[in-house]
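Remarks on the overall topology
Take a look at the letters that make up each chain.
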Amino acid sequence: MIRSAFLLLSFAVSVDAGSQLMDSAGGLRLNIPSISTGEGVVSVISSPGTSSFLSTSDDVLSLDSESPPSLICRGATLSGTSSVERSALATCSVVSGAIVVDGITEGDVEAGWRNSRHARTLTALFRARIALESDAKQTLILCIKGEIEKSAESGLRSEVKALFDATAAESEGKASFSDYYDVKVLSVTDGSEAEEAMQLAREAAAENAGSETTLAAALEQANERVRASGIASVALDPPHVAQAFVAVGNAYSKYARTARAKIVSWKNRVARGLWVEGFSNDAETLRKRVLGSFDS
């Protein structure tokens, strides 16, 4: 009887907002009630040093609310991230149906994400889902601390996709951004807009929810997969290095098409038993043009 009462009491206890889920050494602290993931999981990624309407926690990973479970995870900084912080970001990336990236300023949008802290954060999130082949679709909500024009929003979406493509280029797979993510860009300048963002995140998480389990089990399984893969031990490359993969790939595709068109015309003439007049000079000109354009 006493044991039964103790168990009932333990399940009735409500977790306090901001309960730490990962310590500074990277160990999970899952002394929490049995919380279902049936309605999905939301993760808010904070931006250290930036004020927020969405979170107040500065822990590596903490539990903010229970229904549906909402996690708060510390985002990256330009000065670098620890393996523990990368592990927390990767774990959130795997378990969440909706990710809310907080603390994006108007200055971040205007300056571009190429070398921003947010690009480092997204690199960690993208790398985990691609490496661990998390094929369930996820909603990515970008919260801007200010008004954003349509042209700036379009540019931001393009930069996020380019960063995903750069991260995907690290592996041999053919990951498609549209298969992995549905992106929302919101202006969050006060508490009411923050609540609207969270409501959208909760709805998206429920829509993207996978098989039901407990939050503790989901976090433990995801963290084990992250540790086994070793992705958290890899320091985040500066975003401009990652984006260079995309730039090189795009340049190669463009100039390969230019060369291929000319080569095909030569092959067609040869197939018909015809000479390729001026082949030597034309081939050398093509080589110099393509290499010169590629290098520029």
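Residues numbered from 1 in each chain as written. Predicted model: local features only at pLDDT ≥ 70, side-chain atom pairs only at ≥ 80, totals over all residues. Heavy atoms only, no water.

1. Brief notes about the nonpolar core
- Within the largest apolar cluster, 52 residues are counted, with the highest numbers of intra-cluster contacts made by Leu 71, Leu 122, Phe 126, Leu 140 and Leu 142.
- Apart from the residues lying within four places of it in its own chain, the contact partners of Phe 126 are Leu 140, Val 160, Leu 163, Phe 164, Thr 167, Phe 177 and Tyr 181.
- The next biggest cluster of nonpolar side chains, apart from the first, holds 15 residues, and it includes Val 42, Val 44, Cys 143 and Met 198. (Core = buried A, V, L, I, M, F, W, Y, C linked by side-chain atoms within 4.5 Å. Buried < 20%, exposed > 50% of the residue type's maximum accessible area, 1.4 Å probe, protein only. Contact = heavy atoms within 4.5 Å.)

2. Some points on the environment of Ser 43
- Locating Ser 43 in the fold gives a position in strand β2 (residues 42–46).
- Taking C-alpha positions, Ser 43 is 6.5 Å from Ala 98, a pair spaced 55 residues apart along the chain.
- With sequence-adjacent residues up to four places away left out, Ser 43 is seen in contact with Leu 71, Cys 92, Ser 96, Ala 98, Ile 99 and Val 100. (Helix = DSSP H or I, 4+ residues; strand = E, 2+ residues; numbered from the N terminus.)

3. What to know about the packing of helix α4 (residues 117–131) against helix α5 (residues 150–168)
- Closest axis-to-axis distance for the α4/α5 pair is 9 Å, and the angle between their directions is 50 degrees. The angle between the axes of α4 and α5 places the two elements in the oblique class. With respect to the hand of their crossing, α4 and α5 are arranged in right-handed fashion. Between α4, through Ala 119, Leu 122, Thr 123, Phe 126, Arg 127 and Ile 130, and α5, the contact on the second element is made entirely by Val 160, Leu 163, Phe 164, Thr 167 and Ala 168.
- Along the lines of polarity and charge, the residues of the contact of α4 with α5 split into eight nonpolar, two polar and one charged. (Axes fitted to C-alpha atoms, helices over the stretch in contact; angles between N-to-C directions. Parallel < 35°, antiparallel > 145°, perpendicular 65-115°, else oblique. Left-handed = near helix turned anticlockwise from the far one by under 90°. Nonpolar A, V, L, I, M, F, W, Y, C, P; charged D, E, K, R; others polar.)

4. Topic: α5
- The terminal C-alpha atoms of α5, which comprises 19 residues, lie 27 Å apart, in line with the 27 Å expected from a rise of 1.5 Å per residue.
- Within α5, burial applies to Glu 153, Leu 156, Val 160, Leu 163, Phe 164, Ala 166, Thr 167 and Ala 168. (Expected span 1.5 Å × (residues − 1).)

5. Some points on the pattern of salt bridges
- The tally for this structure, following the rule as stated, stands at nine salt bridges.
- Residue Asp 108 is joined to Arg 117 by a salt bridge in which the shortest nitrogen-to-oxygen separation is 3.1 Å.
- Looking at Asp 108, the relative accessible area reads 11%, which means it is buried.
- You can call Arg 117 buried: its relative accessible area is 17%.
- Each of Asp 58, Arg 74 and Glu 85 takes part in a single network of salt bridges with overlapping partners. (Salt bridge = Lys/Arg side-chain N within 4 Å of Asp/Glu carboxyl O.)

6. A short note on the state of the cysteines
- Here the structure, examined in full by the defined rule, presents zero disulfides.
- Free cysteine: Cys 92, not disulfide-bonded; nearest cysteine sulfur from Cys 73 at 4.0 Å.
- Note on Cys 92: relative accessible area 0%, which makes it buried. (Disulfide = S-S within 2.5 Å.)

7. Focus: the sheet that holds β2
- Strand order in the open sheet formed by seven strands is β1-β3-β4-β2-β5-β6-β7, with mixed pairing between adjacent strands. The outermost strands of the open sheet, each flanked by one partner alone, are β1 (19–22) and β7 (181–187). Taken over all neighbouring pairs, the strand axes of this sheet differ in orientation by 25 degrees on average, direction set aside.
- Sheet analysis places β1 next to strand β3 (residues 61–66), joined by three bridges and oriented antiparallel. Paired with Ser 19 across the strands is Leu 63, a residue of β3. (Pairing = 2+ DSSP bridges.)

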